[in-house]
Structure formats: structure tokens, C-alpha cells
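# Secondary and tertiary structure notes
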Amino acid sequence: MKRLEQLPEITEKALGGLTAGQHLKLRIEKAALNPQPQRRPMAAWAPVLACALVLTIALGVGIPALQPQPEANLITSQAAGQSGAGSEIALLDLNRNNVNIRQRLSEAGEESLWSKGENGNFPLIGVNGKYYRMLTVPQDADGDLLGKSVGTVAEFTTEPALSGTDVILSNVASHGVKVYGVDGMSGTLLAAEVDGQTRIFQRVSFNGSALRGKEKLADTLQIAGHIVSMELSGVGSVSGSECEDLFATLLDCASYESSGSVSGKQTLLITLDNGLALQLAVKNDKFSACGTWSCPEFFEAFEDAAN
């Protein structure tokens, strides 16, 4: 048996820093407000019994506190209907970059990744008969995305359809501005400074010009191995390795129809591992960006993968 004077030390070790609960605190405060009349001195063994009682009570209160508490908000719920402005919606079926692209489009009040046109022409850069349309996001691209320069804007014009195909021209980037290819994707994406910000441009058809020479679809979509996710409006989304399989189907099975573009309201949004994205216009089993192509095999495979 340990000595009585060691009891405080024993109690401290047993309690392990535990504190009494609010209920015990209130009982003590109540007792202080209503003092009891003095009683005759207790017997010598009374302090030992009292300490033992306190230890028992403290352990009864403190031990439950040692049990791990459940994390807050493990399960959240939300009533059906419209949510408030501050609500957060978890888009679990979309890749993070894909969600970011959609969020930035929404913040900009845009439904399309392509910038809107004015006076019949959309913002573009033409490089020797190949045309690239300005994208709405990002508003200012990271310089690390830039590859080699393809030249400088030699002609600034508000009527690019009237210009030749042997010059670098633009209706949005100023004369003398350097034009860069996006690293590894210069046949698909270009970058140039517009109003002090680095904007991204995607290869498209313009004024009856689409493919040049012996180009194929793969030459206008140099993104194999870099696809993170795909989202087809009205159908769903696919992410991960399935995207590369779907893209391979697109390249292998798509047949060229014309240098024009489809007018459907559907879009195929393709998000890349460098944080950029590009867009294809879709109508039924046809799509367009640089020319119009037919590929029912791709859309059937996409629908199966999204479901």
C-alpha cells in the first residue's frame, strides 16, 4: 500500500489531465452559495474515503471524454429545390480541372468556351491559312504553357476574310505581337497577348478554310496522351484512361464532311492535363472545330462510358 501523502500524485496520474464536467462545476457553485453548518471533526480515515470517492467520480466523468469523438459534418443533407447563393455543390462525377473550367465559364457568364464574335467575325489569329479562335478561359494563361514562337502578327484587320493566307494576321492581337504555340500542341492551340493578357486560341475552320494540304484530324487535335476528362452536354462526363480510348476511337473512325461547322447546341468539352481545355460543337453524330466530321462510333462509345 502506498503512503497517504502520495495520494495526490497517484490521483494526478490516474486522471491524466482530465477535468470535471459542467455538471460537477454547477454542483460546486451551488454548494458554495449554501454553506452547510460545521460538523464535528471527521475520523482519521475520512480523508482517505473522500479522496477515493472523488477519484471514482472523476474517472466516471473523464473516461468517456477519452473516447474519440465523431468528426463533424460527416454526412450533410440539402433539401430539394433551389439552393442559396452560398451553397456548395459537389460534382463528384467530374474531374477537378473540368469543374474548374465549368466554374470559370459560369463566373464569366459564358455557355461556350469559344469567344463570341463581333460584326460577323469571332476573335482569331490566322497563321498562313490556319485559323485559331480565342477561348474565354483562361483570361491570362501561365507563361510556362508557351512553346516556340510561330512568328509575329504582321497584319491587324477587322476583316480577316478579305486577307490572304500567306501571312500571320489577327483581328484582336495587335500588329507586332508575338504568337506562340502551346507546348506540344501548336497545331491545336496558340497563345498571344491581347490587351496585356496572354490568351489561348483553338484551331477552327474559318471562311471555308479548314484542313490544309494533307492534314488529318489528328493534326488539328494534337492532344493524345494529355486528356484528363471529357464532358458532352446533355449526356454526361468521362474521366481517366477511358478518355484516351474514346479519343482514339474519334481519330480512327471520324470521317471528314466539310470545311464548315455544325450549328447544334451541344458541346464536347475536353480538359487537358496542363489545365487548358478545348471545345467541339456537336449535333447528332457530327462534330466540328476545324471542319465538320461524322463519327457515330465515338458518340455511342461515349454514351456507354458515361452510363
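Note that the structure is predicted; figures quoted are calculated from it, not measured.

## Considering the overall build of the protein
Counting its regular elements, the protein contains seven helices and 15 strands. Per-residue burial for the protein yields a buried fraction of 35% across its 307 residues. Within the protein, contacts between residues separated by at least 24 positions form 64% of all contacts whose residues are at least 6 apart in sequence. Split by element, the accessible area of the protein, about 18,800 Å² in all, is 52% carbon and sulfur.

## Details of the packing of aromatic side chains
All chains considered together, the criterion is met by five aromatic pairs. When the centroid spacing of 5.0 Å and the interplanar angle of 55° are considered together, the rings of Tyr131 and Phe206 count as tilted. One end of the pair, Tyr131, is in strand 2 (residues 130-134); the other, Phe206, is in the loop between strand 8 (197-204) and helix 5 (217-220), with 75 residues separating them in the sequence. With relative accessibility at 5%, the residue Tyr131 sits in the buried group.

## A few points about the pattern of salt bridges
In total, this model carries four salt bridges according to the counting rule given. A salt bridge links Glu215 to Arg203; the shortest N-O distance between them is 2.7 Å. Taken as a pair, Glu215 in the loop between strand 8 and helix 5 and Arg203 in strand 8 lie far apart in primary sequence, twelve residues in all. Owing to a relative accessible area of 15%, Glu215 belongs among the buried residues under this scheme. A cluster of three or more residues bridged by salt bridges with shared partners is formed by Lys130, Arg203 and Glu215.

## Here we look at the sheet that holds strand 8
Spatially, eight strands are ordered 3-6-7-8-2-1-5-4 in an open sheet, and the strand pairing comes out mixed. A single partner strand is all that each edge strand has here, and the edge strands are strand 3 (146-152) and strand 4 (155-156). Bridge count between strand 2 and strand 8: four bridges; the pairing is antiparallel. Pairing of Arg133 across the sheet is with Gln202, part of strand 8.

## A word on helix 7 (residues 296-306)
Listed in full, the buried residues belonging to helix 7 are Phe298, Phe299 and Phe302. Viewed end-on, helix 7 has its buried residues packed into an arc of 95°, placing them on one side of the element. With respect to the buried face of helix 7, the exposed residues turned more than 90 degrees away are Glu300 and Asp304. Its buried side turned inward, helix 7 meets strand 9 (227-232), strand 10 (236-239), helix 6 (241-253), strand 12 (266-272), strand 13 (277-283) and strand 14 (286-289).

## Focus on unusual backbone geometry
Geometrically, the link from Val137 to Pro138 is a cis peptide bond, its omega value of 0° lying close to zero. Positive phi, normally seen in glycine, also occurs at Asn128, with a value near 50°. Assessed through its relative accessible area of 41%, Asn128 is described here as partly exposed. The phi angle at Asn284 is positive, at roughly 60°, despite the residue not being glycine. Taking the relative accessible area as the measure of exposure, Asn284 reaches 63% and is therefore exposed.

## Comments concerning the nonpolar core
In this structure, Met230, Leu250, Leu268, Ile270, Phe287 and Phe298 are the most contacted members of the largest nonpolar core, which totals 48 residues. When contributions to this core are tallied by element, the ones reaching two or more residues are strand 7 (189-194), strand 8, strand 9, helix 6, strand 12, strand 13, strand 14 and helix 7. Ranked by residue count, the leading element in this core is strand 13, at five residues. Other than its neighbours up to four places away in sequence, Leu250 contacts Leu217, Leu221, Leu280, Phe287, Cys295 and Phe298.

Rules used throughout
- Residues numbered from 1 in each chain as written.
- Predicted model: local features only at pLDDT ≥ 70, side-chain atom pairs only at ≥ 80, totals over all residues.
- Heavy atoms only, no water.
- Helix = DSSP H or I, 4+ residues; strand = E, 2+ residues; numbered from the N terminus.
- Buried < 20%, exposed > 50% of the residue type's maximum accessible area, 1.4 Å probe, protein only.
- Contact = heavy atoms within 4.5 Å.
- Areas by Shrake-Rupley, 256 points an atom, 1.4 Å probe, with all protein chains shown as cover.
- Phe/Tyr/Trp six-rings, centres within 6.5 Å; stacked < 30°, edge-to-face > 60°.
- Salt bridge = Lys/Arg side-chain N within 4 Å of Asp/Glu carboxyl O.
- Pairing = 2+ DSSP bridges.
- Arc of directions from axis to C-beta.
- Core = buried A, V, L, I, M, F, W, Y, C linked by side-chain atoms within 4.5 Å.

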